[in-house]
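Next come the chains, spelled out residue by residue.
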Amino acid sequence: MSFQQSFFAERFNITEHDLESYLSEALSAGGDYADVYFEYLATSSLGIDEQIVKSATEGVSMGAGVRVIAGERTGYAYSDDLSPAKIRKAAHTAALIAKGPASVIKTGFEESQQHNLYPMLHAPNEMGLDERVALIKSADEAARAQ
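Here's what I pulled together on the structure shown here. Fair warning: this is a prediction, and the values are worked out from it, not measured in the lab.

Criteria and cut-off values
- Throughout, a residue's number is its position along its own chain's written sequence, starting from 1.
- Under the rules for a predicted model, residues below a pLDDT of 70 receive no local features and side-chain atom pairs below 80 are neither given nor counted, while totals for whole chains, interfaces and linings still include all residues.
- Excluded from the side-chain calculations are hydrogens and water; all other atoms, namely the structure's heavy atoms, are used.
- Ring pairs are drawn from Phe, Tyr and Trp, using the six-membered ring of Trp, whenever the two centres fall within 6.5 Å, and their geometry is named by plane angle: stacked under 30 degrees, edge-to-face over 60, tilted for the rest.
- The classification of residues rests on relative accessible area computed with a 1.4 Å probe and restricted to protein chains. Under 20% of the type maximum is buried, over 50% is exposed, and intermediate values are partly exposed.
- The criterion is simple. A nonpolar core is a set of buried Ala, Val, Leu, Ile, Met, Phe, Trp, Tyr and Cys residues joined through side-chain atoms within 4.5 Å.
- Strands are runs of DSSP state E lasting at least 2 residues, helices are runs of H or I lasting at least 4, and numbering of each runs from the N terminus.
- We call two residues contacting when some pair of their heavy atoms lies within 4.5 Å.

### Examining the packing of aromatic side chains
Stage number 1. Within the structure shown, the criterion is met by six aromatic pairs.
Stage number 2. Ring geometry for F7 against F8: centres 5.2 Å apart, planes inclined by 90°, an arrangement best described as edge-to-face.
Stage number 3. For F8, a relative accessible area of 13% translates into the label buried.
Stage number 4. Summarising the aromatic geometry, the rings of F7 and F12 are spaced 6.3 Å apart at their centres and angled 70° between planes, so their arrangement reads as edge-to-face.
Stage number 5. Owing to a relative accessible area of 35%, F7 belongs among the partly exposed residues under this scheme.

Dropping the structure here:
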């Protein structure tokens, strides 16, 4: 899977050019290495009591982290806003934290071997509420049968 097909490229229009820009900013103060990671956590909870659904909550937590290594120093910054300006600010902050002399020549983007450690066919929050309620009721009935 290439980056253009990734979740963040599709959902938030983050391009390889954007990534190059963030990494360039991260290395702007002389860092040796930088990386950017993105996170998106969708949570969903259903509570059942006495065979009646009593609560239902959903939430999303997302952001981007930037790490810069300069010699023995490491700078890290995080933004819970995925706008380009906020990610660039996090990259700049991480660069300043790790500020030091660069010991390697900075090069362009290099493709790394990609592997999906946690394949997921369907995200739980993509199920309809009726399906999730039926699932939790089924689990409740199975637990009561024991």
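### Considerations on the nonpolar core
Stage number 1. Counting 11 residues, the largest nonpolar core is built from A26, L27, A34, V66, V68, A70, A77, A90, A91, A94 and A98.
Stage number 2. Grouped together as the second largest cluster of nonpolar side chains are eight residues, F8, I14, F38 and A64 included.

### As for the environment of L82
Stage number 1. For L82, the position within the fold is in the loop between β3 (73-79) and α3 (84-97).
Stage number 2. Relative accessible area serves as the criterion here: at 11%, L82 is assigned to the buried category.
Stage number 3. Remark: the alpha-carbon pair of L82 and I14, spanning 68 residues in sequence, is separated by 9.0 Å.
Stage number 4. Not counting chain neighbours up to four residues away, the residues in contact with L82 comprise F8, F12, F38, M62, G63, A64 and I87.

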